[in-house]
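So you can see what is in the structure, the chains are spelled out below.
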Amino acid sequence: MTHSDLTTIKERHIHEECGVFGIFSHQTADLASLAYYGLFALQHRGQESAGIVINDDGVFTSYRDTGLVNEVFTPEHLATLGLGNIVVGHVRYATTGSDNKRNVQPLVINHHKGRMALAHNGNLTNSMELRDQLEKQGSIFHTSTDSEVIAYIIVQERLRCGSIEAAVSAAMNRIEGAYSLVISSPTKLIAARDPHGFRPLCMGRRPGGEIVFASESCALDAVGAVFERDLLPGEIVIVTADGIKLDRSHCDTARRSMCVFEFIYFARPDSVIDGCSVNLARRRAGAFLAQEHPVEADVVIGVPDSGLDAALGYAEESGIPYAIGFTKNKYIGRTFISPDQSMRETGVNIKLNPIRAVVEGKRVVMIDDSIVRGTTCRRTIELLRWAGAKEIHMRVSAPPFVKPCYYGTDIDDEEKLIANHHSVEEIGRIIGVDSLGYLSMEHVVRLAGDTDEGFCTACFGGGYPTSIPKNGGKDRFQQRIHGSKK
């Protein structure tokens, strides 16, 4: 296959998760600007849309749109949000439902007992059943997301319960799957994490006493908050003018199943999740790869960005020199214009380009986080050949993908996963490397250290920690909107 042929292949990579953010302040303040910076720090978790809801003593003002954070929020947009004492923010990658504007979060719900703004990271496994029940009871859905299902279940429970936190707790008895939530009622900010702890959620405190919740600790850093702790799986934290209350009635009711791909790819390397540095976890993955799949080589390079730390770990363990082998164009957003056919034929690579001086004439170990269909890494390997690499030995800091994910990661069709159709040796030949090695299941669960912390490894064939849906496709609600049969 020629270089020009490779550029026409539709690339496929694992997409990021959503990111949630919230602040409670005892005083009215410009929380929209803080939310902007927090969401900017979480941009890697979702590039399709962004939204902020400001709560000023029960008056909700929101602005949401598709695009990157800096595309959605101009200074004028932030100014229109005004001041408030509670803010909820969200960046989205569509794991359920399309990326159109009606699906942008946070969702704002008006109900009999007040208003509610909700931001959700994760994916429910029983959302179809719950949506069927709600529709039969008269609920009218305005989005094609499972996040709206969560909102309606909470509202339904709120009509029976004496408080919003009691409604959230009751809703957690009904919803299943992965969810990290940040919710604003007129007077409270609530954060909740599912009993398995699939997705991260942490809290911190700013010098002025503001309580901050975020998907990752890097967002706390961005707004000057000091990290206090991660929420426990199953924990609900309620912040009011009177202080902080905890509900741990759902803790220790399920096996801990943090998504291990948070450490491999999703999270930013400067984040700390459940007590473990993401940077150290990735370096540990690289060291494990060097132990499992040693090779004689001249240089170790990583594919930006998540492959860089793992490459450093491989180099440190193997003694092979580490170098930056690729330059990445950091200025390509959603509005990037694809090159025309004449440019494709010249082999122009816009997003990623090898550094010839590093790889030319060298035996190269290239570290990447995953192989999905094989098309993207095949193109990357062709670029290295084009730059003069003598040998290419690819090492992957995760086991092969063999199963779909139902907890929010965009892996929904096992028939399209290359590892289900070819052996490791065959994949190596298909993508054009001299050797190929994956991280083992034995070592992937040790990325956070020698602890008894549980991880979800379902996508690698490790078994699902929950029951799985009959229809788990990300467009399952979209089909209904367009009148298709389930």
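Residues numbered from 1 in each chain as written. Predicted model: local features only at pLDDT ≥ 70, side-chain atom pairs only at ≥ 80, totals over all residues. Heavy atoms only, no water.

**Student:** Honestly, the overall build of the protein in this entry has me stumped. Any pointers?
**Tutor:** For the protein, the count of helices and strands is 17 helices and 23 strands. Long-range pairs, those at least 24 residues apart, make up 70% of the contacts in the protein with a sequence separation of at least 6. Split by element, the accessible area of the protein, about 19,100 Å² in all, is 50% carbon and sulfur. (Helix = DSSP H or I, 4+ residues; strand = E, 2+ residues; numbered from the N terminus. Contact = heavy atoms within 4.5 Å. Areas by Shrake-Rupley, 256 points an atom, 1.4 Å probe, with all protein chains shown as cover.)

**Student:** Which parts of the structure should I look at to understand the packing of aromatic side chains?
**Tutor:** Here a ring pair, both rings aromatic, is described through the centre-centre distance and the interplanar angle of the planes. Counted according to the given criterion, the structure contains 14 aromatic pairs. Judged by centre distance (5.8 Å) and plane angle (80°), the rings of Phe263 and Phe455 are edge-to-face. Placement of Phe263 in helix α9 (residues 261-266) and of Phe455 in strand β23 (residues 455-456) is noted, with a sequence separation of 192 residues between them. For Phe263, a relative accessible area of 2% puts it in the buried group. Judged by its relative accessible area of 9%, Phe455 falls in the buried class. (Phe/Tyr/Trp six-rings, centres within 6.5 Å; stacked < 30°, edge-to-face > 60°. Buried < 20%, exposed > 50% of the residue type's maximum accessible area, 1.4 Å probe, protein only.)

**Student:** In this structure, what is going on with the sheet that holds strand β12 (residues 236-240)? I would like to understand it.
**Tutor:** Strands in a sheet are paired, the pairing made by backbone hydrogen bonds, and the direction either parallel or antiparallel. Judged by pairing direction, the sheet is antiparallel, and its 6 strands sit side by side in the order β5-β6-β7-β8-β12-β13 without closing on themselves. Two strands close off the open sheet at either side, each with one partner strand: β5 (107-111) and β13 (243-247). Taking each pair of neighbouring strands and ignoring which way they run, the sheet shows an average axis angle of 20°. Both strand β7 (residues 177-184) and strand β8 (residues 189-193) contribute to a ladder of 5 bridges, which runs antiparallel. Following the sheet pairing, Ser180 is matched in β8 by Arg193. Where helix α6 (residues 146-158) meets the sheet, its contacts fall on β5, β6 (114-124) and β7, and the angle it forms with β6 comes to roughly 135°. (Pairing = 2+ DSSP bridges. Axes fitted to C-alpha atoms, helices over the stretch in contact; angles between N-to-C directions.)

**Student:** Sorry, what's going on with the state of the cysteines here?
**Tutor:** By definition, a disulfide links the sulfur atoms of two cysteines through a covalent bond. Per the counting criterion, the structure on display carries 0 disulfides. Residue Cys456 stays outside any disulfide, its sulfur separated by 6.3 Å from that of Cys259, the closest cysteine. (Disulfide = S-S within 2.5 Å.)

**Student:** Please explain the confidence of the model for the protein as it appears in this structure.
**Tutor:** The predicted structure's coordinates, where accompanied by low pLDDT, should not be read in detail. On average, residues of the protein carry a pLDDT of 89, and 88% of them reach 70 or more. The model gives residues 1-12 a pLDDT under 50, and that stretch makes 27 contacts with residues more than four places away or in other chains. (pLDDT = per-residue confidence, 0-100.)

**Student:** How do you make sense of the packing of helix α5 (residues 127-136) against α6 when you look at a structure like this?
**Tutor:** Axis angle and axis distance: for two packed helices, these are the angle between their axes and the distance between the axes, and together they describe the pair. Where α5 contacts α6, the axes come no closer than 10 Å and their chain directions differ by 55°. Judged on the interaxial angle alone, α6 and α5 are oblique. Judged by the sense of rotation from one axis to the other, the crossing of α5 with α6 is left-handed. Packed against α5, whose contacting residues are Ser127, Leu130, Arg131 and Leu134, the element α6 presents Asp146, Val149, Tyr152, Ile153 and Gln156 at the interface. Split by residue class, the contact of α5 with α6 holds 5 nonpolar, 2 polar and 2 charged. (Parallel < 35°, antiparallel > 145°, perpendicular 65-115°, else oblique. Left-handed = near helix turned anticlockwise from the far one by under 90°. Nonpolar A, V, L, I, M, F, W, Y, C, P; charged D, E, K, R; others polar.)

**Student:** I tried to follow the nonpolar core on my own but got confused; where do I start?
**Tutor:** For soluble globular proteins, the rule of thumb is that nonpolar side chains tend to be buried together. Grouped together as the largest cluster of nonpolar side chains are 44 residues, with contacts concentrated most on Phe261, Ile264, Leu447 and Phe460. At the level of elements, β14 (258-259), α9, α10 (278-292), α11 (306-318), β20 (363-368) and β23 are the ones that each hand at least two residues to this core. The leading source of residues in this core is α10, at 6 residues. Listed in part, the 29 residues of the second largest apolar core include Val149, Val155, Ile175 and Ile236. (Core = buried A, V, L, I, M, F, W, Y, C linked by side-chain atoms within 4.5 Å.)

**Student:** Explain the side chain of His443 to me, please; I cannot follow it from the model alone.
**Tutor:** Examined against the element boundaries, His443 turns out to sit in helix α16 (residues 441-444). Not counting chain neighbours up to four residues away, the residues in contact with His443 comprise Phe288, Gln291 and Glu292.

**Student:** Is there a simple way to explain the environment of Ala35 in this structure?
**Tutor:** Tracing the sequence through the fold places Ala35 in helix α2 (residues 31-41). The exposure class of Ala35 is buried, given its relative accessible area of 0%. Expressed as a C-alpha distance, the spacing of Ala35 and Ile52, which sit 17 residues apart in the sequence, is 7.1 Å. The contacts of Ala35, once residues within four sequence positions are left out, are Phe21, Ile52 and Val87.

**Student:** Help me out: how do you make sense of the pairing of β13 in this one?
**Tutor:** Strand residues, when the strand is regular, have side chains that alternate between the two faces of the sheet. Alignment of β12 against β13, held across 5 bridges, turns out to be antiparallel. Paired with Ile238 across the bridge in β13 is Lys245.

**Student:** Looking at this structure, how should I read helix α14 (residues 375-386)?
**Tutor:** Relative to the 16 Å expected for 12 residues at 1.5 Å per residue, α14 spans 17 Å between its end C-alpha atoms, a close match to the ideal helical length. Of all 12 residues that make up α14, 9 are buried, and the element is covered over most of its length. Looking at the residues trailing α14, positive phi occurs at Gly388, about 100°. (Expected span 1.5 Å × (residues − 1).)

**Student:** Explain the layout of surface pockets to me, please; I cannot follow it from the model alone.
**Tutor:** If you roll a probe as big as a water molecule over the atoms, it shows you where there is empty space left. The space that makes up the second largest pocket amounts to roughly 400 Å³. Lining the second largest pocket are 21 residues, and of these Ile109, Asn110, His142, Glu148 and Tyr152 sit closest to its centre. Breaking the lining of the second largest pocket down by element, the ones donating at least two residues are β5 and α6. Here the element with the most residues in the lining of the second largest pocket is β5; it accounts for 5 residues. In the lining of the second largest pocket, the residues fall into 8 nonpolar, 9 polar and 4 charged. (1 Å grid on protein atoms, 1.4 Å probe; cavity = no way out; pocket = protein on both sides within 12 Å on 5 of 7 lines; lining within 4 Å. Points joined across faces, edges and corners; volume = space filled by probe spheres on them.)

**Student:** Would you mind going over helix α7 (residues 164-172) with me for this structure?
**Tutor:** Quick reminder: α-helices carry 3.6 residues per turn. Residues three or four places apart thus point the same way. Of all the 9 residues making up α7, 8 are buried; the element is thus mostly covered by neighbouring parts of the structure. Regarding α7, the residues found buried are Ile164, Glu165, Ala167, Val168, Ser169, Ala170, Ala171 and Met172. Each element contacted by the buried residues of α7 is listed here: β6, α6, β7, β8, β12 and β13.

**Student:** What is the right way to look at the packing of α10 against α11 in this model?
**Tutor:** It is the contact of α10 with α11, at a shortest axis distance of 6 Å, that shows an interaxial angle of 50°. When the axis of α10 is compared with that of α11, the two are oblique. The handedness of the crossing between α10 and α11 is right-handed. Together, Asn279, Arg282, Arg283, Gly286, Ala287, Leu289, Ala290 and Gln291 of α10 and Ser306, Asp309, Ala310, Leu312, Gly313, Tyr314, Glu316, Glu317 and Ser318 of α11 make up the contact between the two elements. Considering only residue class, the contact of α10 with α11 consists of 6 nonpolar, 6 polar and 5 charged.

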